[in-house]
Amino acid sequence: MGRFIPLSIPNFEGNEKKYVDDALEQGWVSTGGAYINKLEAQMAEFLHVEKVAACQSGTSGLHLALVECNVLPGDMVIVPTLTFIAAVNPVRYQFAEPVFMDCDDSLCMDPVKLRKFCETECQLEENVLVHKATGKKVKALVVVHVFGNLADMEAIMDIAEEYHLKVVEDATEALGTYYTEGRYAGMYAGTIGDFGAYSFNGNKIITTGGGGAITARNPQDVAHIQYLSTQAKDDPHFYIHNEVGFNYRMTNLQAALGVAQMEELPEFIKRKHKNLDLYREVFEGFENGHLLGFREGTYSNQWFYSLKIDRTKITASMRDIINRLQEKGVQTRAIWGLIHEQLPYKQSIAYEMEKAPYYSECILNIPCSTQITEEEIKYAADCIKEVLM
Ligand SMILES: *Cc1c(COP(=O)(O)O)cnc(C)c1O
């Protein structure tokens, strides 16, 4: 005993301490300071976009994106059910209603059902999509790039254009993922839709403790988000505010961490690939489960590794599987509980659910920290095979 292989922990092998010390020494610890601007510039360069706004969390970024999409009380926003709940809650912060969509085999939103919903359940009235049964306006959709994969953005953007929907990409798990082929070749997750949100929470591919960022196709939207995130201050000296703002700006201490982490992002992605390759070797020929891949024509950051358990062979509950692995010192986790089944969302519309309930019973996320060793990968894989016998 004594052995413990965590699911996903942060990696601070770079300039983190140096930059945080520097921010402390300069006394810039709050929502002003050079590291915030530096992180925004670094991200804009990495993502090939004009402008990025750093904020307190991925959740706050998603909230500001919905504000910017003019999502108002009583509106509808289409969201996935198979995701972390932070992708959905901001809809309710605006007193709007989510409509839950199923996933396809990429675990991301199913564009076929999305189109069917828009076509059969809604109608366009003067370029506004209206949900026929309730009369509510469908303003936007939130598409999540699950575990570093990319949703089918070509299909989704076509539908959004046809039905006049704003597209908010939740790229909180997909920083560094991009298309290598097709209409969006060279474009990064989060830079294809109208808005893209990133998260720097502790388990994400880079972390600032807590933090996030938002970009938009229109740089003026990003500037307005920066303004809203700092209490909508129109005059820095005389406290004039012409809109209701938020306290959502990232702090300089967080940004100091972020600048160091961005320097390491390419190395982190390299290690995610190398480690997944090794897992693939070790799981080759294993009959009771297999590792999911990522969308063809994309380069994924491979943030999280998903083992799909063959439910025709293994009937043990996820809870049992995870507990037995925990006893062996291997930390794993189940995919999220479906959001349309959670207490706050049980009354919301859930459209033709089929694949999300299926995948929620068979996906196991396995240890994927960037500093995991080869020996630890082999040990973890052996334990997983043993438990899934
Ligand atoms: C992490 C995450 C978020 C929220 O990011 P925070 O920075 O924790 O607020 C939103 N959506 C998804 C899919 C996430 O994984």
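Residues numbered from 1 in each chain as written. Predicted model: local features only at pLDDT ≥ 70, side-chain atom pairs only at ≥ 80, totals over all residues. Heavy atoms only, no water.

Right, let's get into the pattern of salt bridges. One pass over the structure, following the stated rule, counts 17 salt bridges. The partner of E40 in a salt bridge is R249, and the shortest N-O contact between them spans 2.7 Å. Pair noted here: E40 is in helix α2 (residues 34-47) and R249 is in the loop between β12 (240-241) and α8 (252-283), with a separation of 209 residues, a long-range link. For E40, a relative accessible area of 8% puts it in the buried group. Assessed through its relative accessible area of 8%, R249 is described here as buried. For K116, the salt bridge identified is with E352, shortest N-O distance 2.8 Å. Of this pair, K116 sits in helix α5 (residues 111-121) while E352 sits in the loop between β17 (349-350) and α10 (355-360), placing them 236 residues apart in sequence. (Salt bridge = Lys/Arg side-chain N within 4 Å of Asp/Glu carboxyl O. Helix = DSSP H or I, 4+ residues; strand = E, 2+ residues; numbered from the N terminus. Buried < 20%, exposed > 50% of the residue type's maximum accessible area, 1.4 Å probe, protein only.)

With that out of the way, let us pick up the domain arrangement of the protein chain. Accessible area lost during the coming together of the parts is what is often quoted as the interface size. Examined at the domain level, the protein chain breaks down into domain 1 (16-262) and domain 2 (265-387). At the junction of the two partners, domain 1 supplies 49 residues and domain 2 supplies 40 residues. Each partner contributes to the roughly 4,000 Å² buried at the junction of domain 1 and domain 2, and carbon and sulfur atoms together form 62% of this total. Among the residues domain 1 hides against domain 2, the three largest losses belong to F100, F147 and I205. Together they make up 21% of the total. At the surface where domain 1 touches domain 2, the tally comes to three salt bridges. With a shortest N-O distance of 3.1 Å, E354 and K113 are connected by a salt bridge. The tally of links from domain 1 across to domain 2 stands at 29 residue pairs in polar contact (both at pLDDT 80 or more). When contributions to the side of domain 1 that touches domain 2 are tallied by element, the ones reaching two or more residues are α4 (89-93), β3 (97-101), α5, β8 (178-179) and α8. Per-class residue counts for the side of domain 1 that touches domain 2 are 24 nonpolar, 13 polar and twelve charged. (Domains from an automatic or database assignment. Contact = heavy atoms within 4.5 Å. Buried area = accessible area lost by both parts, 1.4 Å probe. Polar contact = N/O pair within 3.5 Å; in protein donor to acceptor, adjacent residues only side chain to side chain. Nonpolar A, V, L, I, M, F, W, Y, C, P; charged D, E, K, R; others polar.)

The phi angle of most residues is negative, glycine excepted, and most peptide bonds adopt the trans form. The phi torsion at L107 lies on the positive side, around 75 degrees, for a residue other than glycine. Among the secondary structure elements, L107 is positioned in the loop between β3 and α5. Residue L107 is classed as buried on the basis of its relative accessible area, which comes to 4%. Of note, the phi angle at F147 is positive, near 60 degrees, even though the residue is not glycine. Along the chain, F147 falls in the loop between β6 (137-144) and α6 (153-162).

Looking now at the sheet that holds strand β16 (residues 333-334). Spatially, four strands are ordered β13-β15-β18-β16 in an open sheet, and the strand pairing comes out antiparallel. Taken across any chain shown, the strands that pair with only one partner, and hence form the sheet edges, are β13 (289-291) and β16. As paired elements, strand β15 (residues 305-309) and strand β18 (residues 363-366) share four bridges and run antiparallel to each other. Counterpart to Y305 in the pairing with β18 is I366. Packing against the sheet, α8 makes contact with β13, β15 and β18, and its axis sits at approximately 25 degrees to β15. (Pairing = 2+ DSSP bridges. Axes fitted to C-alpha atoms, helices over the stretch in contact; angles between N-to-C directions.)

Every buried residue belonging to α5 is among P111, K113, L114, F117 and C118, and all of these are buried. Looking straight down α5, one finds its buried side chains confined to an arc of 165 degrees; they lie on one side. Contacts made by the buried residues of α5 are with β2 (76-80), β3, β4 (122-125), β5 (128-131), β6 and α6. Two or three places before V112, at the start of α5, stands the capping residue D110, its side-chain oxygen 2.8 Å from that residue's backbone nitrogen. (Arc of directions from axis to C-beta.)

It is worth spelling out the side chain of S60 at this point. The residue S60 is located in helix α3 (residues 58-68) in this model. If we ignore the near neighbours within four places in the chain, the residues touching S60 are C55 and Y248.

Turning to the site of the ligand, a few remarks are in order. Taken together, 15 residues form the shell around the ligand, and within it T59, D170, E173, S199 and K204 come nearest. Between G58 and the ligand, the recorded distance is 2.7 Å, taken from a backbone N or O atom to an oxygen atom. Between the ligand and K204 there is a distance of 3.2 Å, counted from an oxygen atom to a side-chain nitrogen or oxygen. When the free accessible area of the ligand is taken as 380 Å², the share hidden by the protein chains comes to 94%. (Near = heavy atom within 4 Å. Areas by Shrake-Rupley, 256 points an atom, 1.4 Å probe, with all protein chains shown as cover.)

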